[in-house]
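Chain residues, written in single-letter form:
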Amino acid sequence: MKTILNIIWLVLCGLWLFLGYMLAGLLLCITIIGIPFGIAAFRIGVYALWPFGYTAVERRDAGAGSLIGNVLWVVLAGWWLALGHIITGIALFVTIIGIPFAIANFKLIPLSLMPLGKEIVPTDQPFATR
């Protein structure tokens, strides 16, 4: 079932959300300071491409650096990536088949706003940490 949902997701919105995250990652990697943010964008982009079967969990070892990084992230890229999720979610809500995908899109908004200090893990092991 996860595979079917992921394929429908990919066709409806996953590909263009993935491309948005990849563009953000490339732009952020232009400077040395932006590389950690670019890596976070790449990581979330892969999650936005194929989200069903995975979940985002808080990292226990995340400290104050991730909080400061998240503030910078919101200013640099997070707000317009979240806006992309909002627009896509609203567009998906228009159709009946798109409602579950719109809800999934809205669940990605907190991760798109504050990705640092979070880890993406399979749903069958939501408490796994590195």
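Remember, predicted model here, so these are calculated numbers, not experimental data.

Draft legend 1. Focus on the overall build of the chain. Along the backbone of the chain there are 5 helices and 2 strands. When the helices and strands of the chain are read in sequence order from the N terminus, they spell out α-α-β-α-α-α-β. Relative to the compact-globule value of 14 Å for 130 residues, the chain shows a C-alpha radius of gyration of 14 Å, a close match. For the chain, the spread of C-alpha atoms along the principal axes amounts to about 40 × 30 × 20 Å.

Draft legend 2. Structural context of the pattern of salt bridges. Counting across every chain of the model gives 2 salt bridges. In this structure, Lys-118 engages Glu-58 in a salt bridge whose closest nitrogen and oxygen atoms are separated by 3.8 Å. Of this pair, Lys-118 sits in strand 2 (residues 118-122) while Glu-58 sits in strand 1 (residues 54-58), and the two are 60 residues apart along the sequence. Between Asp-61 and Arg-59 there is a salt bridge, with the nearest N and O atoms lying 2.9 Å from each other.

Draft legend 3. The packing of aromatic side chains, seen in detail. Within this structure, the stated rule accounts for 5 aromatic pairs. When the centroid spacing of 5.9 Å and the interplanar angle of 85° are considered together, the rings of Trp-9 and Phe-52 count as edge-to-face. With Trp-9 in helix 1 (residues 2-28) and Phe-52 in the loop between helix 2 (35-49) and strand 1, the pair connects residues that are 43 residues apart, well separated along the chain. A relative accessible area of 0% means that Trp-9 is categorised as buried. Three or more aromatic residues link up through ring pairs in this structure, and these residues are Trp-9, Phe-52 and Phe-101.

Draft legend 4. Focus on the layout of surface pockets. Considering only enclosed or pocket space, the largest pocket measures out at about 250 Å³ in volume. Residue lining of the largest pocket: 14 residues in total, with Tyr-47, Tyr-54, Ala-104, Lys-107 and Leu-108 positioned closest to the centre. Among the elements that take part in the lining of the largest pocket, helix 4 (residues 99-107) stands out by supplying 4 residues, more than any other.

Draft legend 5. Region of interest: the nonpolar core. Formed by 23 residues in total, the largest nonpolar core has its most connected members in Trp-9, Trp-73, Ala-77 and Leu-81. The residues contacting Trp-9, other than those within four sequence positions of it, are Gly-14, Leu-17, Ala-48, Leu-49, Pro-51, Phe-52, Phe-101, Ala-104, Asn-105 and Leu-108.

Rules of the game
Residues numbered from 1 in each chain as written. Predicted model: local features only at pLDDT ≥ 70, side-chain atom pairs only at ≥ 80, totals over all residues. Heavy atoms only, no water. Helix = DSSP H or I, 4+ residues; strand = E, 2+ residues; numbered from the N terminus. Rg over C-alpha atoms; globule rule 2.2 N^0.38 Å. Salt bridge = Lys/Arg side-chain N within 4 Å of Asp/Glu carboxyl O. Phe/Tyr/Trp six-rings, centres within 6.5 Å; stacked < 30°, edge-to-face > 60°. Buried < 20%, exposed > 50% of the residue type's maximum accessible area, 1.4 Å probe, protein only. 1 Å grid on protein atoms, 1.4 Å probe; cavity = no way out; pocket = protein on both sides within 12 Å on 5 of 7 lines; lining within 4 Å. Points joined across faces, edges and corners; volume = space filled by probe spheres on them. Core = buried A, V, L, I, M, F, W, Y, C linked by side-chain atoms within 4.5 Å. Contact = heavy atoms within 4.5 Å.

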